[in-house]
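Geometric and topological summary
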2 protein chains.
Amino acid sequence: MKPSEKALVPFVSVDHMMQLIHRIGVEEMLRGLAEYIEADFRRWDLFDKTPRVASHSDVGVIELMPTSDGELYGFKYVNGHPKNTREGLQTVTAFGLLASVETGYPVLLSEMTMLTAMRTAATSAMVAKHLAPKGADTMAMIGNGAQSEFQSLAMKAICGLKTVRLYDTDPQATRKAARNLAGSGLEVVTCASAEESMEGAQIITTCTADKQYATILTDNMVGAGVHINAIGGDCPGKTELAPAILHRSDIFVEYPPQTRIEGEIQQLEADHPVTELWQVVNGTAPGRTGDRQITLFDSVGFAIEDFSALRYVRDQLPGTEFYHPLDLLADPDDPRDLFGMLQRSAS
Amino acid sequence: MKPSEKALVPFVSVDHMMQLIHRIGVEEMLRGLAEYIEADFRRWDLFDKTPRVASHSDVGVIELMPTSDGELYGFKYVNGHPKNTREGLQTVTAFGLLASVETGYPVLLSEMTMLTAMRTAATSAMVAKHLAPKGADTMAMIGNGAQSEFQSLAMKAICGLKTVRLYDTDPQATRKAARNLAGSGLEVVTCASAEESMEGAQIITTCTADKQYATILTDNMVGAGVHINAIGGDCPGKTELAPAILHRSDIFVEYPPQTRIEGEIQQLEADHPVTELWQVVNGTAPGRTGDRQITLFDSVGFAIEDFSALRYVRDQLPGTEFYHPLDLLADPDDPRDLFGMLQRSAS
């Protein structure tokens, strides 16, 4: 028995997602994602917002991140297990779903490990476009793990980055990132220390993975007139920046109730002033106001960015072969006759 | 490029779920589900419990129901859209997931429209086994929608039900249920009123769908010495029983913080005494204590029941062909080299 059309949900596998990215082009897709994310930041007020629903254990966390704009509902499943790397597993895996608010029926199921890497980088670059010093063309990329190449290419595609200066405590990670970025059009400089990576950089991205209070940047390392894009501090107990840097910076966040728990600002008083990024994007709050200002994006990742990314993917799928229909929903001819549908399936 | 084993998640489609049910047998599977649910009620204290995370709109609700026993994490996506029936769509559709707490990696993705119908009926019957009068063999089944046949068969398989007396305001629904239950071994009696359906019944199941305060049972309809299995009152503003019945009953619930918002007892004071079912199951609270007592299961459905159902399905799959591997997770050879995996997929 064939399931009816209504029962089928388009599913984008990891392989299909990668093919979709190549068809569109990595940089073009990063630009497209940034546009969708920026559009959703502009209408931020419309969204149902709630801190993610987390299930913590000794070794990691599993989270659900739901949101809705009133027409579409979306959520992401994502785990964070820093010790996975040692076992040859991903620290973070994810998948997500879009559904119609009108019917409650899912309209898209998608892998989101690859897509989260793309949307995180697109968000960083969209924010840097608003906050980084004019003409910024050099970035220090501290932490050369899974996110580093995506960050570098998004900054190139969206902010005009020309040079990326790579540093990681593990030189193998730096070599991997440099190899992956060869031929990207970026000038790639591998550095032996965090200090060296920051020479001449107007944008400083930190994306390290240790689940502890770390100090990747100390106060004396950071000069005036830079934009810090702090990605790695993204759960309780995990930070990357010395508190003194936070006190010298103007801090921009996605959703304060979540960032105060998970971001760099968990190190500060609960009433330390921060600016919500959606207000910068829609012009109701100032972004960068001076050449010597330090702007800090305290990034933790928010459900609306995943929602935007799923919307983008859904809009790219028609006419491609990069999905397959999944028999996820029971759809009896008579909705009250679920049992009859089961009975008839026996024959 | 083939995804690696680690990247693949077993997926049970609606069609595979129906084949699995037939392979095991509907009644045998209802018994198996009831055993898994009862086992998890017995170790209720172990579970992470949280009220469901709901996104409400004018026309319905979309919910995520997560829980964990410390080894496995599970969640269900489920919608509730009463108006869907008029549009030829299911009121409720659902799917769910199990994941390893240790790695955060999903281990099962499954349809749960069919499975929720099975687990809801199995839960009702497991509870009736504990609470219904001894020798109860006749049930009034009021509301003959999608859940009615499952309820009837679960009561037969688990409680020894012999006769089901069907009533619905829509005679077509009653005819459908009677037709579906013909040949089940149950004596099926179709009735012209709720009162008639309750003649001789020791178990009264209400499962109607209107999203409003309704009074399916009035006080004078309910005699002493019965067990009421109230399924349909399961969201804010939706109830089925007259408050006077609640005051004459001993009330048993799954998870008080959720039932006080969604169940029949939303009509009562917030401190009205209720008994938690897990305590009846593990012997720390009394169930039925007398022949003339009215016991009431104020059922709303709880995440742990879905968790039990997914556990049951996972344990039945090995050696069957009723699932297929889904390429849901990115699994690069080097976990830090997600971008390299993307690059290599181009060739």
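Residues numbered from 1 in each chain as written. Chains lettered and ligands numbered in written order. Predicted model: local features only at pLDDT ≥ 70, side-chain atom pairs only at ≥ 80, totals over all residues. Heavy atoms only, no water.

Per an unreviewed UniProt entry, chain A goes by the name Ornithine cyclodeaminase and belongs to Cribrihabitans marinus.

Quick look at the packing of aromatic side chains now. Counted under the stated rule, the structure contains 19 aromatic pairs over all chains. Measuring from centroid to centroid gives 5.4 Å for A:Phe75 and B:Phe75, while their planes differ by 85°, and the two rings are edge-to-face. With A:Phe75 in strand β4 (residues 72-80) and B:Phe75 in strand β4 (residues 72-80), this residue pair bridges two chains. Judged by relative accessible area, A:Phe75 falls into the buried class, the value being 1%. Among the aromatic residues, ring-to-ring pairing joins A:Tyr73, A:Phe75, A:Tyr77, A:Phe95, B:Tyr73, B:Phe75, B:Tyr77 and B:Phe95 into one connected group. (Phe/Tyr/Trp six-rings, centres within 6.5 Å; stacked < 30°, edge-to-face > 60°. Helix = DSSP H or I, 4+ residues; strand = E, 2+ residues; numbered from the N terminus. Buried < 20%, exposed > 50% of the residue type's maximum accessible area, 1.4 Å probe, protein only.)

The subject of this paragraph is the relation of the copies chain B and chain A. Once turned by 180° and shifted 0.0 Å along the axis, chain B lies on chain A with an RMSD of 0.0 Å. Such a turn and shift between the copies fits a two-fold axis. Take the interface residues of chain B: 100% of them recur as interface residues in chain A, which is what a same-surface contact looks like. (Least-squares fit on C-alpha atoms with pLDDT ≥ 70 in both. Contact = heavy atoms within 4.5 Å.)

Our next topic: the sheet that holds strand β10 (residues 203-206) of chain B. Residue and element names in this part refer to chain B. With parallel pairing, eight strands are arranged side by side in an open sheet as β9-β8-β7-β10-β12-β16-β14-β15. Strands with a single pairing partner mark the edges of an open sheet, and in this sheet they are β9 (187-190) and β15 (275-276). Summarising the sheet, strand β12 (residues 227-230) and strand β16 (residues 294-298) pair through four bridges and their orientation is parallel. If you follow Ile-228 over to β16, its bridge partner there is Leu-296. Those strands touched by helix α5 (residues 171-181) are β8 (163-167) and β9, and its axis lies near 155° from that of β8. (Pairing = 2+ DSSP bridges. Axes fitted to C-alpha atoms, helices over the stretch in contact; angles between N-to-C directions.)

The interface of chain B with chain A comprises 77 residues on the first partner and 77 residues on the second. Roughly 6,900 Å² is buried in total at the junction of chain B and chain A, and carbon and sulfur atoms are behind 66% of that figure. On the chain B side of the contact with chain A, B:Arg336, B:Phe339 and B:Leu342 bury the most area, a combined 11% of that side's loss. Viewed at the interface, chain A and chain B are joined by four salt bridges. Measuring nitrogen to oxygen at the nearest pair gives 3.3 Å for the salt bridge that ties A:Lys83 to B:Glu102. Taken together, chain B and chain A are joined by 36 residue pairs in polar contact (both at pLDDT 80 or more). The element contributing the most residues to the side of chain B that touches chain A is helix α11 (residues 338-344) of chain B, with six residues. (Buried area = accessible area lost by both parts, 1.4 Å probe. Salt bridge = Lys/Arg side-chain N within 4 Å of Asp/Glu carboxyl O. Polar contact = N/O pair within 3.5 Å; in protein donor to acceptor, adjacent residues only side chain to side chain.)

A separate point is the domain arrangement of chain A. All names here are of chain A. Annotation of chain A at the domain level lists domain 1 (5-114 + 304-344) and domain 2 (123-302). Put simply, the middle of domain 1 and the middle of domain 2, counted by C-alpha atoms, are 26 Å apart. Counting each side, the surface lost to burial between domain 1 and domain 2 is near 2,300 Å², with a carbon and sulfur contribution of 63%. The interface formed by domain 1 and domain 2 holds two salt bridges in total. The salt bridge partner of Lys-156 is Glu-27, with a shortest N-O separation of 3.0 Å. (Domains from an automatic or database assignment.)

What follows is about the packing of helix α3 (residues 113-131) of chain B against helix α4 (residues 148-159) of chain B. Residues and elements named next belong to chain B. In contact at an axis separation of 8 Å, α3 and α4 are set at 45° when each is read in the N-to-C sense. One way to sum up the angle between α3 and α4 is to call them oblique. Our pair here, α3 against α4, has a crossing hand that is right-handed. Where α3 approaches α4, its residues Met-114, Ala-117, Met-118, Thr-120, Ala-121, Ala-122, Ser-124, Ala-125, Met-126, Ala-128 and Lys-129 are matched on the opposing element by Phe-150, Gln-151, Ala-154, Met-155, Ile-158 and Cys-159. (Parallel < 35°, antiparallel > 145°, perpendicular 65-115°, else oblique. Left-handed = near helix turned anticlockwise from the far one by under 90°.)

Residues and elements named next belong to chain B. The terminal C-alpha atoms of α4, which comprises 12 residues, lie 16 Å apart, in line with the 16 Å expected from a rise of 1.5 Å per residue. Most of α4 sits out of view: 10 of its 12 residues are buried. Along α4, the positions that sit buried rather than exposed are Ser-148, Glu-149, Phe-150, Gln-151, Ser-152, Leu-153, Ala-154, Met-155, Ala-157 and Ile-158. Just downstream of α4, Gly-160 is the residue with a positive phi angle, here 75°. (Expected span 1.5 Å × (residues − 1).)

All names here are of chain A. Taken in spatial order, the eight strands of this open sheet run β9-β8-β7-β10-β12-β16-β14-β15, and their pairing is parallel. Since the sheet does not close on itself, it has two edges, and those belong to β9 (187-190) and β15 (275-276), each with one partner. Pairing between strand β7 (residues 138-142) and strand β10 (residues 203-206): four bridges, direction parallel. Within the sheet, the bridge partner assigned to Ile-142 lies in β10 and is Thr-206. On top of the sheet, helix α5 (residues 171-181) reaches β8 (163-167) and β9; it is set at about 155° to β8, its chief contact.

What follows covers the side chain of B:Arg165. All names here are of chain B. As for its placement among the helices and strands, Arg-165 is situated in strand β8. Accessibility expressed as a relative area gives 13% for Arg-165, which makes it buried. Of note is the side chain of Arg-165, whose polar atom sits 2.9 Å from the backbone oxygen of Glu-196. One polar contact links the side chain of Arg-165 to the main-chain carbonyl oxygen of Ser-197, over a distance of 3.2 Å. With residues up to four places along the chain from it excluded, the contact list for Arg-165 reads Thr-138, Met-139, Ala-140, Met-141, Val-189, Cys-191, Glu-196, Ser-197 and Glu-199.

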